[in-house]
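# Results of the structural survey
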Amino acid sequence: MVCAAPAPYYRDVGIRNLKPRIPNLICLMLALTAFGCDRGSHPSEIGRPAPDFSVADGTTSIHLADYRGRVVLLNFWASWCAPCIVELPSLQQFHRDHPDYPILAVSIDEDADAYQRFLVQKHVDFITVRDPQQTASTKYGTTGWPETFVIDRQGRIRRRFIGATNWNDPEILRFLETL
């Protein structure tokens, strides 16, 4: 049996050709580790005091400090936001099944009439207020809608959900019961 010489394109594959790139690979891995650890459900604000705010829209007002001593779901949303609409039925069901967890929904809608129509059409039955200047959401550094913060009895942020969430997931209830 005769062994043929490796094809010329295999000549450049091997550890000796990777050696000059190892420092770059190590730097890349360190950067991914450093920046990748502060994402998802464990952002940097977890454990920090939830920024207090007051918002009033002429119909409803919310002052976060009024809910100290209770576990709160602070939900930022908009009536024109497709993921917010997808999330709404599970949020409403959660509210009906677990009324002991207040849901404070802060809408960034600019159009007051569209906002009111949405609330009526969708039969929204939890506390919601319109904040077109986004004074509350700015304090929380929201990056998209819907975005929900779980705030514990001591007023600390315990979890952040970005995007449509299934609030009927038993894992969420188990988490809330630990707070």
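Because the structure is a prediction, the values reported are computed rather than measured. (Residues numbered from 1 in each chain as written. Predicted model: local features only at pLDDT ≥ 70, side-chain atom pairs only at ≥ 80, totals over all residues. Heavy atoms only, no water.)

## With respect to the overall build of the protein
Heads up, the rule is: Runs of E in the DSSP output that reach at least two residues are strands. Runs of H or I that reach at least four are helices, and both are numbered from the N terminus. Partly exposed describes any residue whose relative accessible area lies between the buried limit of under 20% and the exposed limit of over 50%, with all areas from a 1.4 Å probe on protein chains only and scaled to the type maximum. Throughout, a residue-residue contact means that at least one pair of heavy atoms, one from each residue, lies within 4.5 Å.
Of the regular secondary structure elements, the protein holds six helices and seven strands. Each helix (α) and strand (β) of the protein, taken in turn from the N terminus, gives the series α-α-β-β-β-α-β-α-β-α-β-β-α. Counting every position in the protein, which comprises 179 residues, the buried fraction comes to 37%. By sequence separation, contacts in the protein at least 24 residues apart represent 68% of the contacts at least 6 residues apart.

## Notes on the state of the cysteines
Each disulfide is one covalent bond, formed between the sulfur atoms of two cysteines. Using the following cut-off: Here, two cysteine sulfur atoms that lie within 2.5 Å of each other are counted as a disulfide.
Going through the model one piece at a time under the given rule, you end up with one disulfide. For C81, the disulfide goes to C84, at an S-S distance of 2.5 Å. Residues C81 and C84 are joined by a disulfide whose S-S torsion is about 80 degrees; by sign, that bridge is right-handed.

## Notes on the nonpolar core
What counts here: Only buried residues count toward a nonpolar core. Its members are Ala, Val, Leu, Ile, Met, Phe, Trp, Tyr and Cys residues joined through side-chain atoms within 4.5 Å.
Ranked by internal contacts, the top residues of the largest apolar core, which has 23 residues, are L73, W77, F94, F126, W167 and L176. For this core, the secondary structure elements donating two or more residues are strand 3 (72-77), helix 3 (82-97), strand 4 (103-107), helix 4 (112-121) and helix 6 (170-177). When residues no more than four places from it in sequence are discounted, the contact partners of W167 are L73, E87, S90, L91, F94, T148, F161 and I172. Of all hydrophobic cores here, the second largest spans 17 residues; its members include L64, V72, L104 and V106.

## Things to note about unusual backbone geometry
In this model, W145 is joined to P146 through a cis peptide bond whose omega is -5 degrees. Among the structural elements, P146 can be located in the loop between helix 5 (135-140) and strand 6 (147-151). We note that H123 has phi near 55 degrees; this positive angle belongs to a residue other than glycine. With respect to the secondary-structure elements, H123 resides in the loop between helix 4 and strand 5 (127-130). Under the relative-accessibility criterion, H123 is labelled exposed at 61%.

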